[in-house]
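Structure at a glance
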Amino acid sequence: MFSLSRKWQLWAVLSVIALSGCQTATVTPAPVPEEIKPVVYTIKKGQHDSNAPFQIRNVSSLKFEATFNASAMYETAVKENQADINKLYGVADCHTDHHTNSVRFGWRWFNDQLEIHAYTYRNKERQSKLLGVVELNKTYTYEIVLADNKYIFKLNGETVELPRNCNGKGEGYQLYPYFGGDEVAPHDVTIAIRELES
């Protein structure tokens, strides 16, 4: 008859033998999705836009990161045009063209700083409100919510609302970076934008 300690020793030996006969399974980890890289839009000197592709959008919100560099600093040929608001990113709305109904962020180099504005057309009437100031070479998160009868703009903890001409999802086309106003870009302007899940 085995003693208790002898039984444990025998069990340990049998366990090792049993384990040595087991097959080793190779586990392949699930692939990690690649991070979506920012798209760099370039508005060439003498142009208004970046020749980005036409794209239909159907969204209830639009959230993205944007980074401006030193090319966002400029001086207009006509002094009064320095106050004009350039466009960053947004969508046409209410099944119309963007000069009838649209929503986007605007930007301008004004008083030696980069201002960001809420910018809309509502039934062909243009409206804008200053949202804040951002630094060059620093990435910020921008968000537009298309709510019933209003647009909600969010940046750096600040929120601005402007009236909207329709309800439900925004149905229209993508609006990309645009310089002007009246004047064209005085030099190449580059802006990096990366859409985020909202």
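Before reading further, recall that the structure is shown in the block above.
Definitions and cut-offs
- Residues numbered from 1 in each chain as written.
- Predicted model: local features only at pLDDT ≥ 70, side-chain atom pairs only at ≥ 80, totals over all residues.
- Heavy atoms only, no water.
- Helix = DSSP H or I, 4+ residues; strand = E, 2+ residues; numbered from the N terminus.
- Buried < 20%, exposed > 50% of the residue type's maximum accessible area, 1.4 Å probe, protein only.
- Contact = heavy atoms within 4.5 Å.
- Areas by Shrake-Rupley, 256 points an atom, 1.4 Å probe, with all protein chains shown as cover.
- 1 Å grid on protein atoms, 1.4 Å probe; cavity = no way out; pocket = protein on both sides within 12 Å on 5 of 7 lines; lining within 4 Å.
- Points joined across faces, edges and corners; volume = space filled by probe spheres on them.
- Nonpolar A, V, L, I, M, F, W, Y, C, P; charged D, E, K, R; others polar.
- Pairing = 2+ DSSP bridges.
- Axes fitted to C-alpha atoms, helices over the stretch in contact; angles between N-to-C directions.

Quick look at the overall build of the protein now. Scanning the protein from N- to C-terminus turns up one helix and 12 strands. Ordered by position from the N terminus, the helices and strands of the protein form the series α-β-β-β-β-β-β-β-β-β-β-β-β. Residues classed as buried in the protein amount to 40% of the 198 residues present. Once local pairs closer than 6 in sequence are excluded, the contacts in the protein between residues at least 24 apart make up 65%. In the structure as shown, the protein presents an accessible area of about 12000 Å², 53% of it carried by carbon and sulfur atoms.

Across all of its chains, the model carries one cavity of 30 Å³ or more by this definition. Taken as a whole, the largest cavity spans an internal volume of roughly 40 Å³. If you trace the largest cavity, you find it lined by Tyr-74, Thr-76, Asn-81, Asp-84, Asn-86, Phe-179, Gly-180, Gly-181, Asp-182 and Glu-183. Broken down by class, the residue content of the lining of the largest cavity amounts to two nonpolar, five polar and three charged.

If you walk across this open sheet you meet the six strands as β1-β12-β3-β8-β9-β10, and the pairing is antiparallel. Each edge of the open sheet carries a strand with a single partner, namely β1 (39-43) and β10 (158-163). Going from strand to strand, the sheet's axes swing by 25° on average, the running direction of each strand aside. When strand β3 (residues 61-68) meets strand β12 (residues 189-196), the two strands line up antiparallel, connected through six bridges. Looking at β12, one finds that Phe-68 is bridged to Ile-191.

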